[in-house]
Amino acid sequence: MRISRLFLFRFSLWLLLFFTPKGHWAVKAFTGTYGINYGRIADNIPTPDKVVTLLRASKIKNVRIYDADHSVLNAFSGTGLELVVGLPNGFVKEMSTNADHALTWVKENVQAFPKTNIVGIAIGNEILGGSDVDLWAALLGAAKNIYNATKELQLKGVQITTAHSQAVFADSYPPSSCIFKEGVDQYMKPLLEFFSQIGSPFCLNAYPFLAYMGSPDTIDINYALFQSTDGIDDKKSKLHYDNMLDAQVDAAYYALEDAGFKKMEVIITETGWASRGDDNEAAATVDNARTYNFNLRKRLAKKKGTPLRPKMVLKVYVFAVFNENSKPGPTSERNFGLFKADGSISYDIGYSGLKSSSAPSTVLSLKEVSTEGRSWIYTFAACASALLLFLR
């Protein structure tokens, strides 16, 4: 039986298009559900190349850094790890007022590293709601100029974001009452409008640890740690929450909905639990940190959404890779790491640290392997094989 090559080409193309999920061709800034922040405010942590070994052995693919340090970018080159680089707060005003400087920054810190899989640029960190109001006004301009620079340089698939603290909200309890704080909203809404146009998510740094520390007498610590608990009922929405992180995420969704951005995705760009603290930080213990981070991994491995957005799979960057001994502030600030300065684990949640370059995968990491992104390949391969058999 003879079939023309043109027919075969068209049929194969039809199979590929038919079985490829919508949006597959777009480069995603987050693969799976679990990522990590690689902070480096320390003088005793491993070199970037060893960090790459650690992350690959732990099967953590999504990584955020807070600057664009070239030693890190070189170490990540060719590794397949997906990296979000940061434009530090100190550069935001300059990038807002000078498009040429924004173009130069992107050339030197993104375009110059073509083999490093840079999937995003974070414009500052926790700017809105912070103490520098002049910085609030500069955020949108910086985001636009950096975005325009990526377009001019034809850097496809680089997502522009900025992470917010919960200081941008007027009230987040219960979740359905959450709106953006007066004063912040006038800067937030234009930013959300721009991000909506370019397809960027709303990035939130959410810490049940900090919420519990602020109200230990009124918050059940089991609720903060993903442990068995009665949870809370939101009387207005009629939704039930069995853990605080889901409630914090849905509070952000309600604020977005109130602002007119109901379809925008919320991604958690920081969350974690300190393993050590000062005398007034009683919740900062190894047991609590282990419990929070282990249960967080289990929750994310289920690939589910929140009570308000059950079909929007939650994505989280945990904070952080290492304890950072040079950070200022209370003792807890220096003890959020899943790993110690020597690369060994701070506590056991399924990772093995830098004991070897080929650390075994864990049950949880295996659960993290998603069929999306590869199922279409299997489908196409199966169809192609069937076609070949038919032609024989």
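Right, let's walk through the structure included here. (Residues numbered from 1 in each chain as written. Predicted model: local features only at pLDDT ≥ 70, side-chain atom pairs only at ≥ 80, totals over all residues. Heavy atoms only, no water.)

Thoughts on the pattern of salt bridges
Where charged atoms from two side chains of opposite charge approach closely, those side chains can pair.
Alright, step 1. Taken as a whole and assessed by the stated rule, the structure comprises 9 salt bridges.
Alright, step 2. For the salt bridge of K61 with E82, the shortest nitrogen-to-oxygen distance reads 3.7 Å. Linking K61 in the loop between α2 (48–57) and β2 (62–64) with E82 in strand β3 (residues 82–87), this pair joins segments that are 21 residues apart in sequence.
Alright, step 3. By relative accessible area, K61 is classed as partly exposed at 36%.
Alright, step 4. Close ionic contact of D246 with R299 constitutes a salt bridge, the shortest N to O distance being 3.0 Å. Taken together, the residues span a long stretch of sequence, with D246 in helix α10 (residues 244–259) and R299 in helix α11 (residues 286–301) at a distance of 53 residues.
Alright, step 5. Looking at D246, the relative accessible area reads 4%, which means it is buried.
Alright, step 6. Overlapping salt bridges bring together R40, D67 and D69 as one network. (Salt bridge = Lys/Arg side-chain N within 4 Å of Asp/Glu carboxyl O. Helix = DSSP H or I, 4+ residues; strand = E, 2+ residues; numbered from the N terminus. Buried < 20%, exposed > 50% of the residue type's maximum accessible area, 1.4 Å probe, protein only.)

So, α2
Alright, step 1. Of all the positions in α2, only P48, V51, V52, L54, L55 and A57 are classed as buried.
Alright, step 2. Where α2 is buried, its residues meet β1 (34–37), β2 and α3 (70–76).
Alright, step 3. Of the residues one or two after α2, K59 is the one with positive phi, at around 60°. (Contact = heavy atoms within 4.5 Å.)

Description of the nonpolar core
Alright, step 1. In terms of nonpolar packing, the biggest core is built from 107 residues, with F76, W105, I123, I146, F180 and F202 touching the most fellow members.
Alright, step 2. In contact with F202, not counting residues within four places along its chain, are H164, F169, F180, M188, L192, A252, L256, M264, E265, V266 and I267.
Alright, step 3. Within the second largest apolar cluster, 7 residues are counted, among which are F30, V119, A122 and I267. (Core = buried A, V, L, I, M, F, W, Y, C linked by side-chain atoms within 4.5 Å.)

As for the pairing of strand β11 (residues 266–270)
Alright, step 1. Where burial is concerned, most of β11 is hidden: 5 out of the 5 residues are buried.
Alright, step 2. Sheet topology note: the strand β8 (residues 202–205)/β11 ladder contains 4 bridges and is parallel. What sits directly across from L204, in β11, is I268. (Pairing = 2+ DSSP bridges.)

Observations concerning the packing of aromatic side chains
Alright, step 1. One pass over the structure, following the stated rule, counts 16 aromatic pairs.
Alright, step 2. Geometrically, the ring pair formed by Y38 and F322 is edge-to-face, given 6.5 Å between the ring centres and 65° between the ring planes. With Y38 in the loop between β1 and α2 and F322 in the loop between β12 (316–319) and α12 (363–367), this residue pair connects regions lying 284 residues apart in the sequence. Of the two residues, Y38 and F322, both sit in the buried class.
Alright, step 3. Taken together, Y207, F209, F226, W273, Y292, F319 and F336 form an aromatic cluster joined through their ring pairs.
Alright, step 4. The cationic tip of R40 hangs over the ring face of Y38; the distance from NZ or CZ to the ring centre is 5.8 Å.
Alright, step 5. Over the ring of Y317 we find R64, and its NZ or CZ is 5.4 Å from the ring centre. (Phe/Tyr/Trp six-rings, centres within 6.5 Å; stacked < 30°, edge-to-face > 60°. Lys NZ or Arg CZ within 6 Å of the ring centre and 35° of its normal.)

On their own, these measurements won't tell you what the molecule is for.
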